[in-house]
Amino acid sequence: MNEEQDSEPIDIIEGKLERLKSRDAYNHLLNYPNYAVEQKIRNREVILKLVDPVENSLPKIKEIITYLKSKLGPLSDQDKWTATYLLLGKAFSNLETIILLAKDGRNLEMMDIARSAQESMDLIFLFLEDEDSTLLNKWLKGDIIPNQKARDMFHKIINKEREKVLGEEVILPIDKLKSHMYWLYSQYTHSGYGAILDSVDVFHEDLDFDRVAGFHWSRRNFHIVRNIVLTLAIQFKGIFLKRKDREGFIQADKFYKSLGFVEATKEEIDAVIKKYSSK
């Protein structure tokens, strides 16, 4: 979790305003006129390096989604598996678009579409865990399912499985953690002040017409893109486990391991739990 993810709304806004009010960036540019352009170039180079492994993962993601399709009936079927396939397709398309936006330093749009991808994946989890298919049936009739439903399901299932495996009755604040994550996303979707401040070029003290700030924030927020890939990998494993599809699960597990993500330590997890338990 980066410093913004771990901050309160007012802290994020005040931090950005302080950088603008200080005029440090503006004054620095007076002494070094090429600095803003040089920073933009550096940030773009970093982004391209960050994008590379994500782009390389796209063929495998598509391959796994295509494999799932080979096991399903016609797309006109209205069941949880067809819904899963369609939502995976949307998340995959979102990911392709996000990569293009990141390369172009379009942070606001990147974050907005990242929320859309996350919501699609959360719906998959919700529909697969909704035992009586009530929410799935509503969705198939055109209803919009509030994300809170998915948050509540995450909270319920993760704590249930944790108690089953570890025998611990301590309730993890999954709902609060997910809620905070969506608050961050919603800042971009709903034009929140904190997000809009990302569109200010502090060097020129103006709107970010040249995307100097855009490339800076796209680099800072790129962990969101990597998280989408990780979430897809975890979701693939869950999907094939639910389907009792050994071949699919093996493919998904290999893909997950190939990403090389480092799991959080117990101390890091405990720190997050403590933070959200106290809210």
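Residues numbered from 1 in each chain as written. Predicted model: local features only at pLDDT ≥ 70, side-chain atom pairs only at ≥ 80, totals over all residues. Heavy atoms only, no water.

1. Observations regarding the nonpolar core
Counting residues in each nonpolar core, the largest one holds 58 residues, and the members touching the most others are I61, L95, F127, L232 and F236. Mapped by element, the contributors of at least two residues to this core are α3 (35-70), α4 (80-103), α5 (107-129), α6 (134-140), α7 (147-166), α8 (174-189), α11 (223-243) and α12 (246-258). With 12 residues, the single largest contributor to this core is α4. Filtering out sequence-adjacent residues up to four positions away, F236 remains in contact with I61, I64, I65, L88, A252 and F255. Formed by five residues, the second largest nonpolar core is a distinct cluster that contains A25, L29, A36 and V212. (Core = buried A, V, L, I, M, F, W, Y, C linked by side-chain atoms within 4.5 Å. Buried < 20%, exposed > 50% of the residue type's maximum accessible area, 1.4 Å probe, protein only. Helix = DSSP H or I, 4+ residues; strand = E, 2+ residues; numbered from the N terminus. Contact = heavy atoms within 4.5 Å.)

2. Some remarks on the environment of K176
Here K176 lies in helix α8. Distance in space between the C-alpha atoms of K176 and D152 is 9.6 Å, their sequence separation being 24 residues.

3. Concerning a negative patch on the surface
On the surface, D11, E14, E18 and D24 cluster together into a negatively charged patch. With three residues, the top contributor of residues to the negative patch is helix α1 (residues 9-22). With respect to the helices, strands and loops of the structure, E14 is situated in helix α1. Judged by its relative accessible area of 46%, E14 is partly exposed. (Patch = residues over 30% accessible without salt bridge, like charges linked within 9 Å, V, L, I, M, F, W, Y side chains within 5 Å. Areas by Shrake-Rupley, 256 points an atom, 1.4 Å probe, with all protein chains shown as cover. Salt bridge = Lys/Arg side-chain N within 4 Å of Asp/Glu carboxyl O. Lys, Arg positive; Asp, Glu negative; His and termini not counted. Charge placed at Lys NZ, Arg CZ, Asp CG, Glu CD.)

4. Considerations on the packing of aromatic side chains
Applying the stated criterion across every chain, the model contains four aromatic pairs. Centre to centre, the rings of F127 and W139 are 5.3 Å apart; their planes meet at 50°, and the pair counts as tilted. With F127 in helix α5 and W139 in helix α6, the pair connects residues that are 12 residues apart, well separated along the chain. For the ring pair F236 and F255, a centre distance of 6.3 Å and an interplane angle of 50° mean the geometry is tilted. Within this pair, whereas F236 is found in helix α11, its partner F255 is found in helix α12, the two being separated by 19 residues in sequence. Owing to a relative accessible area of 3%, F255 belongs among the buried residues under this scheme. (Phe/Tyr/Trp six-rings, centres within 6.5 Å; stacked < 30°, edge-to-face > 60°.)

5. Some details on unusual backbone geometry
If you check the backbone angles, S133 has positive phi at about 60° while not being a glycine. For S133, a relative accessible area of 23% corresponds to the partly exposed category. With a phi angle near 50°, E205 is a residue other than glycine that sits in the positive phi range. Checked against the element boundaries, E205 lands in the loop between β1 (200-201) and β2 (206-207).

6. Section: the environment of G15
Positionally, G15 belongs in helix α1. Spatially, the C-alpha atom of G15 lies 9.6 Å from that of G194, the residues being 179 residues apart in sequence.

7. Some remarks on the packing of α3 against α4
Geometrically, a packed helix pair is captured by the angle between its two axes and the distance between the axes. Axis separation between α3 and α4 bottoms out at 10 Å; the angle between their running directions is 165°. Judged by the angle between their axes, α3 and α4 are roughly antiparallel. Seen from above, α3 lies across α4 with left-handed handedness. Residue-level inspection shows R44, I47, L48, V51, V54, E55, L58, I61, K62, I65, L68 and K69 of α3 in contact with α4, the latter providing T84, Y85, L88, F92, L95, E96, I99, A102 and K103. Residues belonging to the contact of α3 with α4 are distributed by class as follows: 14 nonpolar, one polar and six charged. (Axes fitted to C-alpha atoms, helices over the stretch in contact; angles between N-to-C directions. Parallel < 35°, antiparallel > 145°, perpendicular 65-115°, else oblique. Left-handed = near helix turned anticlockwise from the far one by under 90°. Nonpolar A, V, L, I, M, F, W, Y, C, P; charged D, E, K, R; others polar.)

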